[in-house]
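Spelled out, the chains give:
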Amino acid sequence: ITSAVAFDVLPLKLHPFSQSTPTGLDCVGWKRRISSPVIADGALDKTALTDDVGSEEDLYEDFRSSNHRYGHPGGGGEQLAINELISDGSVVYAEALWDHVTMDDQELGFKAGDVIEVMDATNKEWWWGRILDSEGWFPASFVRLRVNQDEPMEDYPLKVEGGKEDDSSSGTRRFGMGQTTKDQMRTNVINEIISTERDYIKHLKDICEGYIKQCRKRADMFTEEQLKTIFGNIEDIYRCQKKFVKALEKKFNKDHPHLSEVGSCFLEYQTEFQIYSEYCNNHPNACMELSRLTKVNKYVYFFEACRLLQKMIDISLDGFLLTPVQKICKYPLQLAELLKYTNPQHRDFKDVEAALNAMKNVARLINERKRRLENIDKIAQWQSSIEDWEGEDVLVRSSELIYSGELTKISHPQAKSQQRMFFLFDHQLVCCKKDLLRRDILYYKSRISMDDMEILDVEDGKDKDFNISVKNAFKLHCRDTEEVHLFCAKKPEQKQRWLKAFENERRQVQLDQETGFSITEVQKKQAMLNASKQHHSGKPKAVTRPYYDFLMRQKHPTLPTTLPQQQVFMLAEPKRKPSNFWQNISRLTPFRK
């Protein structure tokens, strides 16, 4: 899944079941002693599910004596090689996979796609690096080593500007080798794409056959729902990637790799890659479920035995489950590098250029869906804070808050005006009333379906339908029932923001239809259930500060990006002059609505 999935990916926190474990840099050795609740034929050895250290020692010694040391070929050796290169005076560059937001002045901050000079890789988890004049520690799991180390650092930022690159012939040493040609550099990138795809297929196969297959044999330990939570749709991803790698290999020119035309493969599978959205959205749930299970020793032994029997590298299950998230992040980076070394005259140039944009769009779509799913919990919490709610839940039809603010609503038949708080979601506009005394408490009043409405801009002056003079007004007109709603904003700029917000609402609905975005009934029910648990019976349901801030901070495309947050808040919550009347009333008698 900003920012966080290399396309605005949210930075992954460094804790046991969500840290970004780099392949080959998490070889924890053989110091652990494990048990084997699984035997070779898939049957269960019930006696192994104990906390004693008898049979697990035998298994450990058996695998060790058999030389089954399935450390990643890059593991400690790769790390040692990097340090040797650095000590020899070679310059080693790495590319950022994700944004790293610095929380410490000794850490190096960067954005996805930035190039970092690695200065010290002694520690396998944290490396010391430099970007321009800044130096500091950064998580090794957030980067990948650049394929072409001989490319000058100062030329690299030009890599994706329209597919054009600097023709500078200067270059630094690459692992002791001399200068390479542009074709050789393209060969390096093509080889990396093919080899990493083959490695990735091996990882997916190991997860499906080494873990899922064994887990399904243990109905006494895992329910189907648990397996769905832990592994998500990784089996679907495995089937998709097998077809994708076959397509790549057909386009791979073994004799002259730089002539390979792989761009069309990414274009062909761009739609199928959207299945990563479901996996990335589920990944936090998988981490939590694994964290819960591994507090019990028998599950720790079981997962470790699965890994050993499948002869997998020494990375824990959570590390393997992170690989699909990492993979979808790497595609835009790999294609950007491939485009840099592809001449405009190359037959693959246009396809690679289009593939880069396509994979960026896939990444943005995944990120957007992740953000939307995270927001439904906040919307459910907001609804649970509204007093006197009537009708269906907001989440039945909506999943995005587009805009919110105060408006004056004018109703027939007597042109009665009422100041209300309005919340524009996709498909509906919710109307609430503020409490007379506690302005942070909202009461539900009504809602308007936006699907059949058209927006009418009203000029300042006398309105014929309502026979009153209006200013900064607009109407919502229902095409089916001819029903008309008249609204007035306090300022012209507020009116324009609302008109723009209505346009954005229709655009969002259309985009959701085109991309097939939807929220499952299970997700909706779970969000409402979580929200209801947070409110204790008997306590007033005020709109608490965090949720109110959430509503005010929603990304309104109509607001200038340079507008300070304080001003954004003021747009939705205008100041009022203090009223001595209400202060006097509250002192004299307990006044309640």
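One can find the structure itself at the top, above this paragraph.
Residues numbered from 1 in each chain as written. Predicted model: local features only at pLDDT ≥ 70, side-chain atom pairs only at ≥ 80, totals over all residues. Heavy atoms only, no water.

Chemist: Lay out the sheet that holds strand S14 (residues 484-488) with the relevant residues and their values.
Modeler: Strand order in the open sheet made by the 7 strands is S9-S8-S7-S6-S14-S13-S10, with antiparallel pairing throughout. The two strands at the open ends of the sheet, each matched to only one other strand, are strand S9 (442-449) and strand S10 (453-458). Across the sheet, the mean angle from the axis of one strand to that of its neighbour is 35°, orientation sign disregarded. The sheet contact formed by strand S13 (residues 473-478) and S14 spans 5 bridges and is antiparallel. From the neighbouring strand, lysine 475 faces S14, where its bridge partner is leucine 486. Contacting strand S6 (401-411), strand S7 (416-425) and strand S8 (428-434), helix H10 (residues 349-384) runs over the sheet at an angle of about 155° to S7. The strands touched by helix H11 (residues 492-515) are S6, S7, S8, S10 and S13; relative to S6, the strand with the most contacts, the crossing angle is about 125°. (Pairing = 2+ DSSP bridges. Helix = DSSP H or I, 4+ residues; strand = E, 2+ residues; numbered from the N terminus. Axes fitted to C-alpha atoms, helices over the stretch in contact; angles between N-to-C directions. Contact = heavy atoms within 4.5 Å.)

Chemist: Describe the sheet that holds strand S5 (residues 143-145), listing the residues and the values that go with them.
Modeler: Through backbone hydrogen bonds, the strands of a sheet pair up, either in parallel or in antiparallel fashion. If you walk across this open sheet you meet the 5 strands as S4-S3-S2-S1-S5, and the pairing is antiparallel. The outermost strands of the open sheet, each flanked by one partner alone, are strand S4 (134-139) and S5. Strand-to-strand twist in this sheet, taken as the mean axis angle between neighbours without regard to direction, amounts to 45°. Across 6 bridges, the pairing between strand S3 (residues 126-131) and S4 is antiparallel. Of the residues in S4, the one forming a bridge with tryptophan 126 is proline 139.

Chemist: So what's going on with the pattern of salt bridges? Which residues, and what values?
Modeler: Within this structure, the stated rule accounts for 33 salt bridges. Here lysine 202 makes a salt bridge to aspartate 206, at a shortest N to O gap of 2.7 Å. Highlighted residues: lysine 202 and aspartate 206, both in helix H3 (residues 182-216), separated by 4 residues, approximately one helical turn. Its relative accessible area of 42% is what places lysine 202 among the partly exposed residues. Under the relative-accessibility criterion, aspartate 206 is labelled buried at 4%. (Salt bridge = Lys/Arg side-chain N within 4 Å of Asp/Glu carboxyl O. Buried < 20%, exposed > 50% of the residue type's maximum accessible area, 1.4 Å probe, protein only.)

Chemist: Account for a positive patch on the surface, naming residues and giving values.
Modeler: Positive charge collects at one region of the surface, where Lys205, Lys242, Lys246 and Lys250 lie side by side. Among the elements that line the positive patch, the one with the most residues is helix H5 (residues 234-251), at 3 residues. (Patch = residues over 30% accessible without salt bridge, like charges linked within 9 Å, V, L, I, M, F, W, Y side chains within 5 Å. Areas by Shrake-Rupley, 256 points an atom, 1.4 Å probe, with all protein chains shown as cover. Lys, Arg positive; Asp, Glu negative; His and termini not counted. Charge placed at Lys NZ, Arg CZ, Asp CG, Glu CD.)

Chemist: Tell me about the nonpolar core, and name the residues and values.
Modeler: By size, the foremost hydrophobic cluster in this structure holds 84 residues, and its most contacted members are Phe231, Phe266 and Phe273. Inspection of this core shows a minimum of three residues originating in each of domain 1 (76-145) and domain 2 (181-374). Residues contacting phenylalanine 231, with those up to four places away along its chain left out, are Ile207, Tyr211, Ile212, Cys215, Tyr279, Leu317 and Leu321. The next biggest cluster of nonpolar side chains, apart from the first, holds 22 residues, and it includes Leu373, Ile379, Met421 and Phe425. (Core = buried A, V, L, I, M, F, W, Y, C linked by side-chain atoms within 4.5 Å. Domains from an automatic or database assignment.)

Chemist: Any details on H11? Residues and values, ideally.
Modeler: Taking 1.5 Å of rise per residue, 24 residues should cover 34 Å, and H11 covers 35 Å from first to last C-alpha, within 8% of that figure. Positive backbone phi, approximately 75°, marks glycine 516, located one or two places after H11. (Expected span 1.5 Å × (residues − 1).)

Chemist: Explain the packing of H5 against helix H9 (residues 317-340) residue by residue, including any values.
Modeler: Axis separation between H5 and H9 bottoms out at 11 Å; the angle between their running directions is 45°. With respect to H9, the axis of H5 lies oblique. Crossing angle aside, the handedness with which H5 passes H9 is left-handed. Together, Ile234, Ile237, Gln241 and Phe244 of H5 and Leu321, Pro324 and Tyr331 of H9 make up the contact between the two elements. For the contact of H5 with H9, the class distribution of residues is 6 nonpolar, 1 polar and no charged. (Parallel < 35°, antiparallel > 145°, perpendicular 65-115°, else oblique. Left-handed = near helix turned anticlockwise from the far one by under 90°. Nonpolar A, V, L, I, M, F, W, Y, C, P; charged D, E, K, R; others polar.)

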